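Residue-level listing of the chains:
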There are 4 protein chains.
Amino acid sequence: MENEEKKIYSAFETNIYVRPDDIDMNNHVHYSKYLDYLLTARYEQMKNNYGMSMEEFLERGYTWVASNINITYKRAIQLGDKVTVRAQITGAKGAQVFLNFWILKGENKKVAAEGNSIFTMISIKNGRPVRIPPDVLEKYSV
Amino acid sequence: MENEEKKIYSAFETNIYVRPDDIDMNNHVHYSKYLDYLLTARYEQMKNNYGMSMEEFLERGYTWVASNINITYKRAIQLGDKVTVRAQITGAKGAQVFLNFWILKGENKKVAAEGNSIFTMISIKNGRPVRIPPDVLEKYSV
Amino acid sequence: MENEEKKIYSAFETNIYVRPDDIDMNNHVHYSKYLDYLLTARYEQMKNNYGMSMEEFLERGYTWVASNINITYKRAIQLGDKVTVRAQITGAKGAQVFLNFWILKGENKKVAAEGNSIFTMISIKNGRPVRIPPDVLEKYSV
Amino acid sequence: MENEEKKIYSAFETNIYVRPDDIDMNNHVHYSKYLDYLLTARYEQMKNNYGMSMEEFLERGYTWVASNINITYKRAIQLGDKVTVRAQITGAKGAQVFLNFWILKGENKKVAAEGNSIFTMISIKNGRPVRIPPDVLEKYSV
């Protein structure tokens with residue numbers, strides 16, 4: 001994936017159910033829960049859209065950790081709101097995958113939050129970053 | 001510990017710090033967080049009062065899981081409240097430890113919640129209950 | 001509802017999605033999250049099955065708090081497991097509703113946890129219990 | 001605070017206690033919990049270092065929400081680790097406060113995560129941003 005500047009990756013969407021325990025004293029979804037919604041979408045999309053579930057990574061001795069999250073909050077989410085997480089891989093390099101995301105609200109999918117993130121594949125055994133194998137990169141190139 | 005009816009065990013107390021993310025839409029500590037406070041106290045007391053930390057259990061191939069929780073909520077806890085968890089082992093049998101607990105609020109330690117619980121020691125490898133070894137029972141007999 | 005011993009109430013079921021942030025260091029759903037699953041089902045069933053959503057209670061100046069939870073854990077729930085919460089009102093008295101619940105796992109709905117609970121309706125304004133109004137009791141009598 | 005480029009603000013530190021429910025399936029503090037640690041520090045420092053607690057903001061009809069978080073994760077935090085959040089206001093403009101933060105680990109305070117954030121003061125009544133009053137700005141100028 002060295003020469004990837006022009007590659008266009010697909011964006012995928014995952015529905016999220018807002019639970020009562022996600023709501024904080026301000027009567028909206030607590031700001032750290034947005035990261036849990038993002039991670040939920042990531043797991044779902046690994047399984048459904050990229051063809052390699054977290055369980056399969058674990059079986060091969062790998063896991064994923066967050067290295068950077070940059071999130072801008074734009075609209076509050078209330079209990080009962082329909083929430084969709086849209087995520088789009090924008091590239092991969094070494095042990096890292098780059099991901100843009102949008103947390104959308106309501107039927108008309110207004111942007112409640114948006115941002116970008118870097119996730120790193122590490123070895124379960126020693127916790128160190130591992131270069132993403134070619135067959136995984138291949139799966140991520142959709 | 002078959003013949004233990006008359007044994008009196010010590011009660012121990014652990015201070016808990018209420019975090020903003022513990023507060024729910026009703027502006028008090030969310031009801032499931034009381035269980036997290038109890039577990040925090042349990043870990044602290046394993047280390048400080050019973051002389052065998054969770055880490056040591058893990059090293060020996062054991063972990064603890066909850067088998068039963070019976071909790072009665074009596075007073076709401078707000079952000080800024082001082083919280084103390086008092087816990088007292090009331091007995092042990094096979095793989096299980098029986099524990100009474102009180103979640104206390106404020107300087108005068110009013111009862112915010114109280115209850116009893118059963119925790120079971122299991123093997124990490126196969127998830128099955130393991131009879132608590134005599135040296136651990138010994139430590140719990142304070 | 002004074003003379004209600006023989007009344008048989010309906011049981012309702014709500015599907016729960018297990019999120020990655022529900023999983024703890026033992027690689028299964030954390031024990032306090034079962035209470036969050038129960039509350040999620042409660043809210044859903046208030047809206048879908050009893051015809052009065054939490055929002056409607058709030059509008060009338062009421063909210064619900066937990067007064068007692070008795071839960072027995074029987075099987076671990078893993079990420080990817082299908083979870084269903086079945087709940088059945090068993091009676092109501094004064095400000096309180098009594099509820100049995102089962103947290104079910106997998107397609108064959110094995111019991112992962114079961115228990116009973118008491119929820120109390122309170123006034124938002126002063127936090128004190130409020131006798132459940134007849135029209136609400138009527139709705140709960142299904 | 002228009003002409004504030006050369007102002008140097010103080011950095012403050014808050015100790016955080018890592019709870020068992022903060023640990024995820026990777027056996028380290030879950031990535032969204034870092035935001036909860038940050039918020040805990042923010043509340044503590046509002047009260048202890050800036051002389052105006054969250055409760056006082058609420059009494060005046062204001063609350064704070066996150067508008068942007070940029071966090072880089074550098075080291076995993078395990079149960080039992082000592083955690084300190086250092087935060088430093090870097091400026092304020094309109095309804096917003098800009099904050100750098102470091103989540104530190106161990107006695108030697110290695111950087112587990114670092115980042116910057118924007119928090120916005122809003123009106124509780126209508127949810128809209130409110131220009132930070134001069135007396136609050138004054139308190140933040142330490």
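Because the structure is a prediction, the values reported are computed rather than measured.

Cut-off values and rules
- Residues numbered from 1 in each chain as written.
- Chains lettered and ligands numbered in written order.
- Predicted model: local features only at pLDDT ≥ 70, side-chain atom pairs only at ≥ 80, totals over all residues.
- Pairing = 2+ DSSP bridges.
- Helix = DSSP H or I, 4+ residues; strand = E, 2+ residues; numbered from the N terminus.
- Axes fitted to C-alpha atoms, helices over the stretch in contact; angles between N-to-C directions.
- Contact = placed C-beta atoms within 7 Å.
- Nonpolar A, V, L, I, M, F, W, Y, C, P; charged D, E, K, R; others polar.
- Least-squares fit on C-alpha atoms with pLDDT ≥ 70 in both.
- pLDDT = per-residue confidence, 0-100.
- Core = buried A, V, L, I, M, F, W, Y, C linked by C-beta atoms within 7 Å.
- Buried ≥ 20, exposed ≤ 12 C-beta atoms within 10 Å, placed from the backbone.

**Some remarks on the sheet that holds strand 3 (residues 83-93) of chain D**
The 10 strands are arranged 1(A)-3(A)-4(A)-5(A)-2(A)-2(D)-5(D)-4(D)-3(D)-1(D) in an open sheet whose pairing can be described as antiparallel. Edge positions in the sheet fall to strand 1 (11-16) of chain A together with strand 1 (11-16) of chain D, since each has one partner strand and no second. Put simply, the sheet's adjacent strands are angled 30 degrees from each other on average, direction ignored. Here strand 2 (residues 62-73) of chain A runs beside strand 5 (residues 110-123) of chain A; their pairing, made up of 11 bridges, is antiparallel. Pairing of I69 of chain A across the sheet is with S117 of chain A, part of strand 5 of chain A.

**Observations concerning the interface of chain B and chain A**
Between chain B and chain A, the contact holds 7 residues from the first and 7 residues from the second. Considering only residue class, the side of chain B that touches chain A consists of 2 nonpolar, 3 polar and 2 charged.

**Focus on the interface of chain D and chain A**
Counting residues at the interface gives 17 residues for chain D, matched by 18 residues for chain A. Elements that contribute at least two residues to the side of chain D that touches chain A include exactly helix 1 (33-48) and strand 2 (62-73) of chain D. At 10 residues, the largest contribution of residues to the side of chain D that touches chain A is made by strand 2 of chain D. Split into classes, the residues belonging to the side of chain D that touches chain A amount to 8 nonpolar, 8 polar and 1 charged. By the bridge criterion, 5 bridges tie strand 2 of chain A to strand 2 of chain D in an arrangement that is antiparallel. Following the sheet pairing, I69 of chain A is matched in strand 2 of chain D by I71 of chain D.

**A closer look at the relation of the copies chain B and chain A**
Superposing chain B onto chain A takes a rotation of 180 degrees plus a shift of 0.0 Å along the axis, which leaves an RMSD of 0.0 Å. Such a combination of rotation and displacement between the chain copies is what one expects of a two-fold axis. A symmetric contact is evident, with 100% of the interface residues of chain B recurring at the interface of chain A.

**Details of the confidence of the model for chain A**
Residues shown with low pLDDT carry predicted positions that ought not to be read at fine detail. In the predicted model, chain A carries a mean pLDDT of 94, and 96% of its residues have values of at least 70. Confidence metrics for the complex model read pTM 0.95 and ipTM 0.94.

**What to know about the sheet that holds strand 5 (residues 110-123) of chain C**
Spatially, 10 strands are ordered 1(B)-3(B)-4(B)-5(B)-2(B)-2(C)-5(C)-4(C)-3(C)-1(C) in an open sheet, and the strand pairing comes out antiparallel. Lying at the two open borders of the sheet, with one neighbouring strand each, are strand 1 (11-16) of chain B together with strand 1 (11-16) of chain C. Neighbour-to-neighbour, the strand axes of the sheet open up by a mean angle of 30 degrees, direction not taken into account. Of the pairings in the sheet, the one linking strand 4 (residues 96-105) of chain C to strand 5 of chain C comprises 10 bridges and is antiparallel in character. Looking at the pairing, N100 of chain C lines up with N116 of chain C of strand 5 of chain C.

**So, the nonpolar core**
The biggest cluster of nonpolar side chains holds 78 residues, and the ones touching the most others in it are Y34 and I103 of chain A together with Y34 and I103 of chain D. Filtering out sequence-adjacent residues up to four positions away, I103 of chain D remains in contact with Y34, Y37, V83, V85, A112 and A113 of chain D. With 76 residues, the next largest nonpolar core counts M25 of chain A, I122 of chain B together with Y31 and V85 of chain C among its residues.

**What about the environment of S10 of chain D?**
All names here are of chain D. By secondary structure assignment, the location of S10 is in the segment before strand 1. Along the sequence, S10 and I89 sit 79 residues apart, while their C-alpha atoms lie 7.3 Å from each other. Apart from the residues lying within four places of it in its own chain, the contact partners of S10 are Q88 and V142.

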